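# Coordinate analysis (summary)
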Amino acid sequence: MIEIELDGKKVEVLEGSMVMHAAEKIGTFIPHFCYHKKLSIAANCRMCLVDVEKAPKPMPACATPVTQGMVVRTRSDKAVKAQKSVMEFLLINHPLDCPICDQGGECQLQDLSVGYGGTNSRYQEEKRVVFHKEVGPLISMEEMSRCIHCTRCVRFGQEVAGAMELGMSNRGEHAEIETFVGRSVDSELSGNMIDLCPVGALTSKPFRYSARTWELSRRKSISPHDSTGANLIIQVKNHRVMRVVPMENESVNECWIADRDRFSYEALNSDERLPSPMLKQGGAWKAVDWTTALEYVANGLRQVKAEHGAEAIGLLASPHSTIEELYLAGVLMKGFGSQNIDYRLRNAEFPNEAGVRYLGMSIASLSDLQSVLVVGSNLRKDHPLFAQRIRQAARKGCSVNSLQDRPMDWAMPVANSLVGDPSVWVQALADVAAAVAQEKGVPCPVHGTASEGAKAIARSMLGGERKAVLLGNAAAHHARASSLLALANWIGEQTGASVGYLTEAANTVGAQLAGAKPGPGGLNASQMLGGSLKAAVLLNCEPGLDTAAGRNGGPGLRAAEMVVSLSPFKANMDIADVMLPIAPFTETSGTFVNAEGRVQSFHAVVKALGDSRPAWKVLRVLGDLLEVDGVEFESSREVLAALPALLMDEAGATVRTGLLDNRTQAAVDFTPAECAPVVASIYQLDGLVRRAPSLQLTADGRLGFAAQEVAA
Amino acid sequence: MNPQQVLGRFRATGLETSFHGRHIGAQILDGLDGGNWRLKDYEARGGYQALRKILGVDGSEGMTPDQVIAAVKESALRGRGGAGFPTGLKWSFMPRQFPGQKYLVCNSDEGEPGTCKDRDILQFNPHIVIEGMIIAAYAMGITVGYNYIHGEIFQTYERFEEALREARAAGLLGDRILGSTLNFQLHAAHGFGAYICGEETALLESLEGKKGQPRFKPPFPASFGLYGKPTTVNNTETFAAVPWIIRNGAQAYLQCGKPNNGGTKIYSVSGDVERPGNYEIPMGTPFSVLLELAGGVRTGRKLKAVIPGGSSAPVLPASIMMECTMDYDSIAKAGSMLGSGAVIVMDDSRCMVKSLQRLSYFYMHESCGQCTPCREGTGWLSRVVDRIENGQGRQSDMDLLDNVAENIQGRTICALGDAAAMPVRAMIKHFRPEFEYHVANKTCMVPAYV
């Protein structure tokens, strides 16, 4: 530790720290623009110049390493004079168009200019004009004259997103931030550059000119998309979600969120929202009140039960639903006599094992891995923030290995990559196991050939201390998923690596904890979709898009006499008989359990649109109508407290110990899988992102849409 | 004489610039005639004997790397690129036991307006640089070197490549040099004309294939240089001085200069003199002698001012300059710097406003744009000087210029900010009445620019 004196206060920091870190530690604010704790140090804005004793010149606090006994003054005449002179330079070519700037009110330049800027300018020459740039549907670069060249966006691309999409071209006064030859910014994390930009140069295109920052209320929430469970701040005005930004949580999403977390809110306000319950009568949809709709559903279900038995009724639930909804859905179905409930919509194999599959380690420790084998994942698109953490690990020397079906660009150095058709993945992983066995000199439990590629991965996995085998969505949805898990476990045991699933959705782990799986003798998702139901309840899902059956999911249900769709959207209109408008995550309270098993509850941030109701309430009322026991809850919190898998205390809920478990008894089955695993493309993951117009306009969005069309 | 004729005389034929026979005690430009640049000629002049001496292949006992560094330290050789940092000291900063690759880089990105010495060294005596670099590589235990040559002197680059081929063929470069255990690969690289790439860390960035922008220091190149490896960067003339020191001894080198300022230095004298060109003279030679060598101020004119160390050095009025000797300490004491040794002589027909306009435009044009004070400030300075020159200045502009320059100076990542600020401040300091006259009368104090 090194002790320095900063503005008369003593502060101890680690050797190699900068003056800025010492100032942060004792809460002293040093003005800055280019410095950001998560990015490399550029020292180019010069705003953080401070007075260091014995140094003739003012030194940048962000780039001056501390030395024992250093005396720093951040508010001395010398320091303030330097800071003010830098502010003057920053402002001479800045357009000062704050009244019409989207950043106004949350602009670092505006804020600091209050303290360090002059009241009038000594600069009387013409100001610089920088042309606007078109970089895609998410980031607006319309007013690049505002740019102060801090290069945060450039460094973010290089260091965090892994692809340098923005750069500073030209020299001196002509330097401008732009993409190479006018390309678009296609990173799945690109929205973070909007947050990073300290001025109004990079602004959010969907949000532009729709509200002033001081008009917005800020409310906490949790992202309903991937399994990170990114913490969000949802900004609302007049009960409308206007914007979503990250809420910093170092152990989950750090200070980043993926673009789908940020921009999916557009769907919440879209025309595709279902404003009231609707019934299909004579082929035409008719809006009805809730009582009518629920009576209709209850009668329908009772009738099917009477005619075909309760086992002809099934419920398909999206793993993007809250744990309360999933739990009540299970109580409802099982209480009504049916064991047919499943959240595993895209899976091809449905083993009946007790363990709740999860990441197998903490999310934060992904950043510190030294070696990792990722099986069957398009890591960067399926889990943008996990990929970001593994990218940071790779930057620190982590050796990244993969087994995948086609070459993919993860925007990080990948040490070894086995590429093969999914049908041979079990064999490929067995080869890695054989290579591990060979390297270690232990007997291999399965038959495999230690190929050169397998050996390279084995060596990589045997080195280092902190390592993991991670099974992606394609491995989880694989027809031989248990075999892959069994092999991964063996490799993990032999190499000391932790083993886990990246898990697909915001509540994949929660769905398991809620028991949203078929009971004894119940039908799994594949069987239900295969046409064996007479009545189907669709909780927050669209069989044609959200399931392994794909476009065939709809026809499978067409045989049913009644299909009830609970969705915030006008979804499933071709197959459903009743549509019940349920509240999306911003309009209901609820809980998601993320990949590492972290239980995160959230409140509604706006009131429900139209006649929409929280799904837990809908399920509860339906339970009452069907005279099912165990649904009498007054709040979502009561539902949560009733969940057997969770422990509630003052601080919130946690998963009971021993439930999260990736062990398996499954034998390894080498028969080639008959079908390729179904994985959603990044912006087709759930109903919300699918309906976010700006996301659909991105390069990834267009690709995903095209793939859906081809599948059809 | 019009500017075209001046430029014409400065073409790199060497006839006018280096072979005028007026050097004093030349060490680097000694015995050159423009055609004798090849290996055999260099060896005939005693070339590569220093290398043989340290390797002990000439029958002597050889020198250890430490002895070589000690000799360079003792010689008081200071970096010839501009900063004047003691070369031996810089060499001793290189980690000796570093396990990975280390690099040696020769900075031949000679972009300072007024300077043309490195060009002539590389053009007419390339092997002296190669020998100097091999000796440096030996002293610091480096096996790979690069010579980064200014992008606008392509002929010189080709000449150097040819010299490298000769040296490789003769076993002077590559593995087991002259049968010893010394391995050293030397490569030439050329820039694309950006002035900023003469700054050592920007040069390293450029050499790595990136945009030439200075890095923040620390870390210094000795610990984090080319490709993140320990690197020593020296100027062409610095390397060229090394063989003489080894051959003739550090004391001999020191004695031909002054204490703390060893050896000879090449001055690129330009501007209003009768014989502009490169003059190699011992350190500490009076400026008046150098001016005399260069034929004196143009006939019929009086010396007005001198920029003693390239365009970024503060200008000195004639009265101060005539009292100076040409060495680091004397010029620094007078309030300027020796810099790269580009002596720009201005006679009484020069308008200082016009001169500053040209200088300020240069720095605006060459600012890399990375850090705020330089990116924004150089343009501001240039525009205000423009305004004064165009008769739209205000009496407050001189204070504004001085203050803006003060705000740039010492607050930037690299020295380009200082280089842009110092000429402005010196011009205002020494020639303020001329600026005031310009503002008041909307015209030059001196007769029309010639």
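Below you will find a few notes about this structure.

The rules we used
- Residues numbered from 1 in each chain as written.
- Chains lettered and ligands numbered in written order.
- Predicted model: local features only at pLDDT ≥ 70, side-chain atom pairs only at ≥ 80, totals over all residues.
- Heavy atoms only, no water.
- Helix = DSSP H or I, 4+ residues; strand = E, 2+ residues; numbered from the N terminus.
- Rg over C-alpha atoms; globule rule 2.2 N^0.38 Å.
- Buried < 20%, exposed > 50% of the residue type's maximum accessible area, 1.4 Å probe, protein only.
- Areas by Shrake-Rupley, 256 points an atom, 1.4 Å probe, with all protein chains shown as cover.
- Lys, Arg positive; Asp, Glu negative; His and termini not counted.
- Charge placed at Lys NZ, Arg CZ, Asp CG, Glu CD.
- Contact = heavy atoms within 4.5 Å.
- Axes fitted to C-alpha atoms, helices over the stretch in contact; angles between N-to-C directions.
- Parallel < 35°, antiparallel > 145°, perpendicular 65-115°, else oblique.
- Left-handed = near helix turned anticlockwise from the far one by under 90°.
- Pairing = 2+ DSSP bridges.
- 1 Å grid on protein atoms, 1.4 Å probe; cavity = no way out; pocket = protein on both sides within 12 Å on 5 of 7 lines; lining within 4 Å.
- Points joined across faces, edges and corners; volume = space filled by probe spheres on them.
- Nonpolar A, V, L, I, M, F, W, Y, C, P; charged D, E, K, R; others polar.
- Phe/Tyr/Trp six-rings, centres within 6.5 Å; stacked < 30°, edge-to-face > 60°.
- Lys NZ or Arg CZ within 6 Å of the ring centre and 35° of its normal.
- Salt bridge = Lys/Arg side-chain N within 4 Å of Asp/Glu carboxyl O.

Quick look at the overall build of chain A now. From N to C terminus, chain A includes 23 helices and 29 strands. Taken over C-alpha atoms, the radius of gyration comes to 28 Å for chain A, in line with the 27 Å a tight globule of 712 residues would show. Judged by the C-alpha coordinates and their principal axes, chain A covers about 90 × 70 × 50 Å. In chain A, which comprises 712 residues, the share counted as buried stands at 63%. Element-wise, carbon and sulfur atoms account for 52% of the exposed surface of chain A, whose accessible area totals about 26400 Å². Here chain A contributes 71 positive and 79 negative side-chain charges, whose respective centroids are spaced 4 Å apart.

Within chain B one finds 18 helices and eleven strands. On the principal axes, the C-alpha backbone points of chain B span a range of 75 × 45 × 35 Å. By the burial criterion, 62% of the 450 residues in chain B qualify as buried. Considering only contacts in chain B between residues 6 or more positions apart, those separated by 24 or more positions represent 70%. Carbon and sulfur atoms provide 52% of the accessible area of chain B, an area that totals close to 16100 Å². Here chain B carries 46 positive and 46 negative side-chain charges, and the mean point of each set is 2 Å from the other.

Time to look at the packing of helix 7 (residues 290-308) of chain A against helix 19 (residues 615-625) of chain A. Residue and element names in this part refer to chain A. Two elements in contact, helix 7 and helix 19, have axes separated by 10 Å at closest approach and are oriented at 55°. Relative to helix 19, the element helix 7 lies oblique. The two elements helix 7 and helix 19 meet at a crossing, and its hand is right-handed. When helix 7 is examined against helix 19, the residues Trp290, Leu294, Glu295, Val297, Ala298 and Arg302 are found in contact with a partner set consisting of Val618, Val621, Leu622 and Leu625.

All names here are of chain B. Pairing in this open sheet of five strands is mixed, and the strands run 6-5-11-8-9 from one edge to the other. Looking at strand neighbours, the two that pair on one side only are strand 6 (277-282) and strand 9 (316-317), the edges of this open sheet. Where strand 5 (residues 264-271) meets strand 6, six bridges bridge the pair, whose relative direction is antiparallel. Across the sheet, residue threonine 264 finds its bridge partner in strand 6, namely proline 282. Against the sheet, helix 6 (residues 117-124) touches strand 5 and strand 6, its axis set at about 120° to strand 5.

Moving on, we get to empty space enclosed by the protein. All names here are of chain A. The final tally for this structure, using the stated rule, is nine cavities of 30 Å³ or more. Where the lining of the largest cavity is concerned, the elements lending two or more residues are helix 13 (473-476), helix 14 (481-495) and helix 15 (508-513). Of all the elements, helix 14 adds the most residues to the lining of the largest cavity, at three residues. Split by residue class, the lining of the largest cavity holds nine nonpolar, ten polar and seven charged. Quantified by volume, the second largest cavity comes out at close to 250 Å³. In terms of lining, the second largest cavity is formed by 23 residues, of which the most central are His320, Asn540, Pro568, Pro584 and Phe585.

Turning our attention to the sheet that holds strand 1 (residues 103-108) of chain B. Residue and element names in this part refer to chain B. Read from one edge to the other, the open sheet built from four strands follows the order 3-2-1-4, with strand pairing classed as parallel. Two strands in the sheet have a free side with no partner beyond their single neighbour: strand 3 (185-190) and strand 4 (231-235). Neighbour-to-neighbour, the strand axes of the sheet open up by a mean angle of 20°, direction not taken into account. Relative to strand 4, strand 1 runs parallel, the two sharing five bridges. Bridge assignment links valine 105 to a residue of strand 4, and that residue is valine 233. Sheet strands in contact with helix 7 (residues 126-140) are strand 1, strand 2 (144-149), strand 3 and strand 4, and its direction is about 150° off that of strand 1.

Okay, the packing of aromatic side chains next. Counted by the stated rule, this structure contains 14 aromatic pairs over all chains. When the ring of A:Phe592 is compared with that of A:Phe602, the centres are 5.0 Å apart and the planes differ by 40°; the resulting orientation is tilted. Taken together, the positions of A:Phe592 in strand 26 (residues 590-593) and A:Phe602 in strand 27 (residues 599-602) put the pair ten residues apart, joining distant regions of the chain. Of the two residues, A:Phe592 and A:Phe602, neither departs from the other in class, the shared state being buried. With a centroid separation of 5.4 Å and an interplanar angle of 45°, the aromatic rings of B:Phe154 and B:Tyr157 are classed as tilted. In this pair, B:Phe154 and B:Tyr157 both sit in helix 8 (residues 154-169), three residues apart, roughly one turn of the helix. Members of the aromatic cluster, connected to one another through ring pairs, are A:Phe89, A:Tyr123 and B:Trp380. Its guanidinium or amino end placed over the ring of A:Phe207, A:Arg243 lies 4.3 Å from that ring's centre, counting from NZ or CZ.

The next point concerns unusual backbone geometry. For the bond from B:Lys217 to B:Pro218, the omega torsion is 0°, close enough to zero to count as cis. Looking at where B:Pro218 falls in the secondary structure, it is placed in the loop between helix 9 (200-207) and strand 4. Going from B:Pro218 to B:Pro219, the amide bond is cis rather than trans, its omega being 5°. Within the secondary structure, B:Pro219 is located in the loop between helix 9 and strand 4. A positive phi angle is found at A:Lys54, which is not glycine, with a value near 80°. Among the secondary structure elements, A:Lys54 is positioned in the loop between strand 3 (49-52) and strand 4 (59-60). Even without glycine at this site, B:Arg176 takes up a positive phi of about 50°. Its place among the elements puts B:Arg176 in the loop between helix 8 and strand 3. Accessibility expressed as a relative area gives 52% for B:Arg176, which makes it exposed.

All right, on to the pattern of salt bridges then. Residue and element names in this part refer to chain A. As enumerated under the stated definition, the model contains 75 salt bridges over all chains in all. Two residues, aspartate 546 and arginine 690, come together in a salt bridge whose shortest N-O distance is 2.5 Å. Remark: arginine 690 occurs in helix 21 (residues 687-690) and aspartate 546 occurs in helix 17 (residues 543-546); sequence separation between them is 144 residues. As far as burial versus exposure is concerned, aspartate 546 and arginine 690 are alike and both buried. A salt bridge links glutamate 634 to arginine 620, with the shortest nitrogen-to-oxygen separation between them at 3.7 Å. With glutamate 634 in the loop between helix 19 and helix 20 (636-642) and arginine 620 in helix 19, this pair connects stretches of sequence that are 14 residues apart.

Residues and elements named next belong to chain A. Here methionine 412 is to be found in the loop between strand 19 (399-404) and strand 20 (416-419). Taking the C-alpha atoms as reference points, methionine 412 and glycine 360, 52 residues apart in sequence, are found 23 Å from one another. Beyond its immediate stretch of four places on either side in the chain, methionine 412 contacts Leu379, Ala387, Ile390, Arg391 and Val400.

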